[in-house]
Amino acid sequence: MQAKAASTGWYMEQWRRWAPLAVLAALCVLVSLFNPNFLTVGNFVRLLNSAAIPVVLCMGATFIILMGSIDLSVEGVVAMTAVVASLLVANDITSYSIGLAAAPVAILIGGAMGFLNGFVHVRLKTPSFMTTLGIGFAGLGIATAVLGGLTVRIADPVFRSLSLGRFLGIPMAVWIALAAFLVALTIQQRTRIGRWIYAIGTDEVTARHAGIPVDRTRILAFVLAGLFYGLGGVLAAAQFGQGHALISQGRLFTTITAVVVGGTALSGGVGSVVNSVIGVFIVVVLANGMVLMGIEPYVQQGVQGLLIIAAVSLALDRSSLAVVK
Amino acid sequence: MAKLIPSLEAALVNRRSLLKGIAGIGAAGVVGSAFPRPAIAQEATWTLANSLRSLANPYHATFAKGGEEFAKSIGAKYETLVTEGNSEKGISDIKALLQRTGGKLIVNVDPNDSPDARVIVEEVKKAGGFVVTQWNKPDDLHPWDFDPNYIAHMSFDGVPNAEAIANELFKAFGGEGGIVALGGILSNVPAIERKLGLDNAIAKTNGKVKLLDFQPADWNEQKAFDITQAWVTRFGDQIKGVFAANDGMGMGALEALRQNGLAGTVPVVGIDGIDAAVSAVEAGEFAGTVAWDPFWTGSMGLAIPYAHVTGKIDITKEPKEHREFYGTGIIVTKANAAEFKSNPPKTDFNDLWGKVTGQIQYRS
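Residues numbered from 1 in each chain as written. Chains lettered and ligands numbered in written order. Predicted model: local features only at pLDDT ≥ 70, side-chain atom pairs only at ≥ 80, totals over all residues.

Counting its regular elements, chain B contains 11 helices and 12 strands. Taking all 364 residues of chain B together, the buried fraction comes to 48%. The long-range fraction of contacts in chain B, counting pairs at least 24 apart against all pairs at least 6 apart in sequence, stands at 74%. (Helix = DSSP H or I, 4+ residues; strand = E, 2+ residues; numbered from the N terminus. Buried ≥ 20, exposed ≤ 12 C-beta atoms within 10 Å, placed from the backbone. Contact = placed C-beta atoms within 7 Å.)

Further remarks concern the domain arrangement of chain B. Taken domain by domain, chain B holds domain 1 (41–156 + 294–327) and domain 2 (158–291). The C-alpha-based centres of domain 1 of chain B and domain 2 of chain B are spaced at 34 Å. (Domains from an automatic or database assignment.)

Val56(A) and Leu235(A) are the most contacted members of the largest nonpolar core, which has 191 residues in total. Two domains share this core, each providing at least three of its residues, namely domain 1 (41–156 + 294–327) and domain 2 (158–291) of chain B. Apart from residues lying up to four places away in sequence, Val56(A) is in contact with Ala177(A), Ala180(A), Phe228(A), Leu231(A), Gly232(A) and Leu235(A). (Core = buried A, V, L, I, M, F, W, Y, C linked by C-beta atoms within 7 Å.)

Okay, the sheet that holds strand S11 (residues 324–326) of chain B next. All names here are of chain B. One open sheet holds the 6 strands; their spatial order is S2-S1-S3-S4-S5-S11, and the pairing between them is parallel. Pairing within the sheet leaves two strands with one partner each, and these edge strands are strand S2 (77–82) and S11. Sheet twist, expressed as the average angle between the axes of neighbouring strands with direction ignored, equals 15 degrees. Sheet strands touched by helix H4 (residues 114–127): strand S3 (105–109), strand S4 (130–134) and strand S5 (150–155). Its angle to S4, the strand with the most contacts, is close to 165 degrees. (Pairing = 2+ DSSP bridges. Axes fitted to C-alpha atoms, helices over the stretch in contact; angles between N-to-C directions.)

To characterise two packed helices, one gives the angle between the axes of the helices and the distance between these axes. Residue and element names in this part refer to chain B. Here helix H7 (residues 221–235) crosses helix H8 (residues 247–259) at 40 degrees, and the two axes come no closer than 7 Å. Relative to H8, the element H7 lies oblique. The way H7 lies across H8 gives a crossing that is right-handed. From H7, Glu221, Gln222, Ala224, Phe225, Thr228 and Gln229 reach across to H8, where they touch Gly248, Met249, Met251, Gly252, Ala253, Glu255, Ala256 and Leu257. (Parallel < 35°, antiparallel > 145°, perpendicular 65-115°, else oblique. Left-handed = near helix turned anticlockwise from the far one by under 90°.)

What follows deals with the interface of chain A and chain B. At the junction of the two partners, chain A supplies 27 residues and chain B supplies 26 residues. Of all the elements in the fold, those that place two or more residues in the side of chain A that touches chain B are helix H2 (41–66), helix H10 (214–240) and helix H12 (273–293) of chain A. For the side of chain A that touches chain B, the class distribution of residues is 8 nonpolar, 17 polar and 2 charged. (Nonpolar A, V, L, I, M, F, W, Y, C, P; charged D, E, K, R; others polar.)

Let's shift gears to the packing of helix H7 (residues 172–190) of chain A against H10(A). All names here are of chain A. Interaxial distance between H7 and H10 falls to 11 Å at its minimum, and their mutual angle equals 175 degrees. Overall, the two elements H7 and H10 adopt an arrangement that is roughly antiparallel. On the side of H7, the interface is formed by Ala173, Ile176, Ala180 and Ile187, while H10 contributes Leu224, Phe228, Leu231, Leu235 and Gln239. Residues that form the contact of H7 with H10 fall into these classes: 8 nonpolar, 1 polar and no charged.

Residue and element names in this part refer to chain B. Burial within S3 is extensive, with 5 of its 5 residues counted as buried. Burial along S3 is two-sided: Leu105, Val107 and Val109 facing one way and Ile106 and Asn108 facing the other are all buried. Pairing between S3 and S4: 4 bridges, direction parallel. Each bridged residue has a counterpart across the sheet, and for Val109 the counterpart in S4 is Thr133. Where the polypeptide runs from S3 across H4 and back to S4, its parallel neighbour, the crossover connection is right-handed. (Right-handed = clockwise from strand over helix to strand, strands pointing away.)

For the rest of this paragraph, the subject is helix H3 (residues 74–88) of chain A. Here H3(A) spans 21 Å end to end across 15 residues, near enough to the 21 Å set by a 1.5 Å rise per residue. When you tally the buried positions in H3(A), you get 14 out of 15 residues, the bulk of the element. (Expected span 1.5 Å × (residues − 1).)

The next point concerns the confidence of the model for chain B. In low-pLDDT segments, the atomic positions of the prediction should not be examined closely. Residue and element names in this part refer to chain B. For chain B, mean pLDDT is 85; residues scoring 70 or higher make up 87% of the total. Contacts from residues 1–13, a stretch scored under 50 in pLDDT, to residues over four places away or in other chains number 0 contacts. Scored below 50 in pLDDT, residues 24–43 shows 22 contacts in the model against residues more than four places distant or in partner chains. Across the interface, the model reports ipTM at 0.86; the global pTM reads 0.79. (pLDDT = per-residue confidence, 0-100.)

So, about the sheet that holds strand S7 (residues 209–216) of chain B. All names here are of chain B. Reading across the sheet, the 6 strands line up as S7-S6-S8-S9-S10-S12 and stay open at both edges, with mixed pairing between neighbours. The open sheet terminates on both sides in strands that have one partner only, identified here as S7 and strand S12 (330–332). As paired strands, strand S6 (residues 177–183) and strand S8 (residues 239–244) are joined by 5 bridges and run parallel to one another. Bridging from a neighbouring strand, Val180 pairs with Val242 of S8. Across the sheet, helix H5 (residues 158–172) is in contact with S6, S7, S8, strand S9 (268–269), strand S10 (286–291) and S12; its angle to S10 comes to roughly 165 degrees.

Listed below in structure tokens is the structure:
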């Protein structure tokens, strides 16, 4: 009797593990039934291209959400780093032209903003929600002030090739996103920080008792997130060939949605960067599919909302949650 | 207890008036050199002012320049008031200036928000000044209800301009084939007007141009990028052109086309005339954009009231299409892009109604 119950639990756990992937597969089948063009190589490349920046951003956000915290500074950091990167390469406002070296500078600025997030959150004990919201607004504000409402246009074809260049027929941004994913996966699986993040997300008090340097890990996780957002900002600037304060509009919602739809719990401790990649593809395929299927614009948002709820309810193991907030 | 409450109230009032005082000092400081001078000096000549959101955006920077140039041409004092997106500040700056000039003020306002227009108009009328409003005002607030102080309201009409730019798009691909269109936030007035203009243009082609799909991208570049990518998959080379209800979305669509090797092959049009779009027009990637004319709105919003106060016209005798009117959008195409950039449209300060294109219509 007990053995049977245990095996049902095992099946349920397996199902939950694979649910996001099943949702993604079902979605792909559905869209391709309506429009066979979905399955073309060209569309596959376009999907990868649309997914590149969200994947990079999600790599950062996943670590924060795994700790049970939240990071709302995505748009601020992306705007800030995109503007800085565009001002450092050949452009129509400043006389700097440091080419690809602008990328590491912008990424480091992202890391610094992440550090600020983590430091304020941990040392001043302010909730991550408020801290990151504040730092995010500050980033947007600085980006607006630096450019004074203008748009800076990038005139550096080498920098733009970060997005427009192709290798084996696949856009460079996709390769960069793949690299970001591999780095994040390594951090998650092979480093102590990765394990500690899970431990903190599962039960911070126990983690502290076990001697895990919780505060340091938290700050480091925010720095990591900031670095990934910085890379996202660089890619956004390269993709549009310009930088302005509104370049990151809508990124926050997509990022958090993708992480959660992928099966990472907002309560922390459950999920992984692999889940987030699947989550990004669910969101991207959904947006692409709506247009391919010719669904009325008025209906799209409703369908999107319903599917997100469905995906989350399939993927999350609520049986082990005593309280749902 | 009963005694306590009035004293508490008094304390509150005191604190409030104190705060007001501080705000007033702050506002005066912003207005300019007012502070050290005695506040009530009866002015003999008219002061001109433009009130706008921020000098940081190119539209308003040119708007302010228009006002300045007009004031210079008649040798009048001129001030620029900046709201920084704050309605309270916008209104209190105008009040402060009305007081300082003893009501001898002509102010040309782009209200931060529609309801602000009513407050500003009432304040100006009370003080005996003159006001012109731009873009935003409540539908039921009309200049002729505040004669003569509320001189006029000016705006630009999305319908004919969207129709004109759509026609430029059709021309660019030979006038026959399918197009896709990106719209703004569905409930925005400009989004509705611009969609209507596009629909009109398509209807007039008698089926030669087909709207393959319309998607709202909410004025968002990224959304426009993703939608355009999906369109390339769905329609492939059926797409002969892309219509975007503003330049920002147009740029997103253009970058999506570029990723698919279609930039310059599939023409795009936008509206607003931002620099990036004008450059894309020059590069042959955009078929065109519509530029508004902030120098004209910035100068004419002062020139018309000035003509009234100097007796050149009597605004109360002018027809309604001279009180609430649309200006002329400038269609920028490859033919005039370089000239538009190097030599922006000229405004003749004496030609009060030359660029007026009809009375404002309320479509909602």
